[in-house]
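So you can see what is in the structure, the chains are spelled out below.
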Amino acid sequence: MPRTLIRKNPSNFKTLPLFVEATPEGLSYQSVGMPLNFAQTLQRRKPVSVADSERFALELANLGVSVRLTLHWQNRDYWVLVRQRRQDRGDVVLKLISGYVPAHELNIPLHTAIQEIAEECLLETPEGWLGGRFNDTWLPAPYSAALHYREALPFRLTPLSGSARPVRCANLQLLERPRAYVHLPTASLQLIYDLRLEVPREAKSLSLFHVDERLEGDQLVARLDRKRPDLYLMPLKDGAPTAELFTLKRDKLIPASTRGIHLAESFATQQGWVVHDERIRWKDWLVQQGLTPAKAPRTGLKQLSIKALRLVGLGRKRASR
């Protein structure tokens, strides 16, 4: 049974609509209007359009933040993806760790991104759950009332190199230079930070789990389901992604099926400052990246079937001589 970790009142969350100006040299945003709650924000996330993907000015529903998280574990690097059923769009995708930026953090969205890692990416060892540090700052432990966090062996977050084009909140340029795009179908501005998570070598028998909040009635509820870890690792080779997905349970990488998988729009083609698509099929993304799908491992039963067919074929050849 899934374990309930926390319940929240969604009306406590407030964000602000944005006015965005984009040019080929950079993008800036600033808040406009009155604070909106979660339901009001969803109502405003309706399709918009621009005539020029490099130069425009328009009002958007909200600011979202994502993390392209590179996990370093046992001397290898992996991108971290999470599975989400998007209630507002009626689909299921693998996506980057992400969330809405609250009104009081519009000028420091990196802070929201770090909190989203603490809330969505859970690292378990037999001695307890790992806490984390970003430089000299401890990450929050959002489920400390339900889970035992280890005081020792924190994982460490560090920023990676950012986008070439600057993004500003009013006149303040954002640090770590996140990649930015306007998602036209949802009228939202999305920022993607590149961060690295280093697992301490002493952390043994590691398992990874994704926890996400879902709107249930009048509450936001976060649950841990051990049968569905919902956190996936995509191995990197020389810094580039490969065509494989795994889950991690007790230090063992378990191959995950990619059949019918869709990736969220952050993996789709970006034109200038905009993304038009809601999602992209896994197979289409592999083609876009020039990758060849990994062959599914043969099971014992499949190998026996292949051997049996070969023997039957050999017997027929002998009989026909």
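Residues numbered from 1 in each chain as written. Predicted model: local features only at pLDDT ≥ 70, side-chain atom pairs only at ≥ 80, totals over all residues. Heavy atoms only, no water.

(A) Structural view of empty space enclosed by the protein. This structure, assessed with the given rule, holds one cavity of 30 Å³ or more. Taken as a whole, the largest cavity spans an internal volume of roughly 60 Å³. Lining the largest cavity are Ile117, Ala118, Cys121, Leu122, Leu130, Gly131, Gly132, Leu139, Pro140, Pro142, Tyr149 and Phe155. Counting residues per element, the ones that place at least two in the lining of the largest cavity are helix H2 (109-120), strand E9 (121-125), strand E10 (128-134) and strand E12 (149-159). Ranked by residues supplied to the lining of the largest cavity, first place goes to E10 with three residues. (1 Å grid on protein atoms, 1.4 Å probe; cavity = no way out; pocket = protein on both sides within 12 Å on 5 of 7 lines; lining within 4 Å. Points joined across faces, edges and corners; volume = space filled by probe spheres on them. Helix = DSSP H or I, 4+ residues; strand = E, 2+ residues; numbered from the N terminus.)

(B) The arrangement of the pattern of salt bridges in detail. As enumerated under the stated definition, the model contains twelve salt bridges in all. For Glu59, the salt bridge identified is with Arg44, shortest N-O distance 2.8 Å. Note that Glu59 is positioned in strand E4 (residues 56-60) and Arg44 in helix H1 (residues 38-44), a separation of 15 residues in sequence. A salt bridge links Arg196 to Asp77, with the nearest nitrogen and oxygen atoms 3.5 Å apart. Taken together, the positions of Arg196 in strand E16 (residues 188-198) and Asp77 in strand E6 (residues 76-86) put the pair 119 residues apart, joining distant regions of the chain. (Salt bridge = Lys/Arg side-chain N within 4 Å of Asp/Glu carboxyl O.)

(C) Layout of the sheet that holds strand E14 (residues 172-173). Spatial ordering of the open sheet is given by E4-E2-E3-E13-E14, a layout of five strands whose pairing is mixed. What marks the edges here is a single partner per strand, and that holds for E4 and E14. Note that strand E3 (residues 26-31) and strand E13 (residues 167-169) share three bridges and pair parallel. By the bridge assignment, Tyr29 is partnered in E13 with Cys169. (Pairing = 2+ DSSP bridges.)

Coordinates in, geometry out; function isn't part of it.
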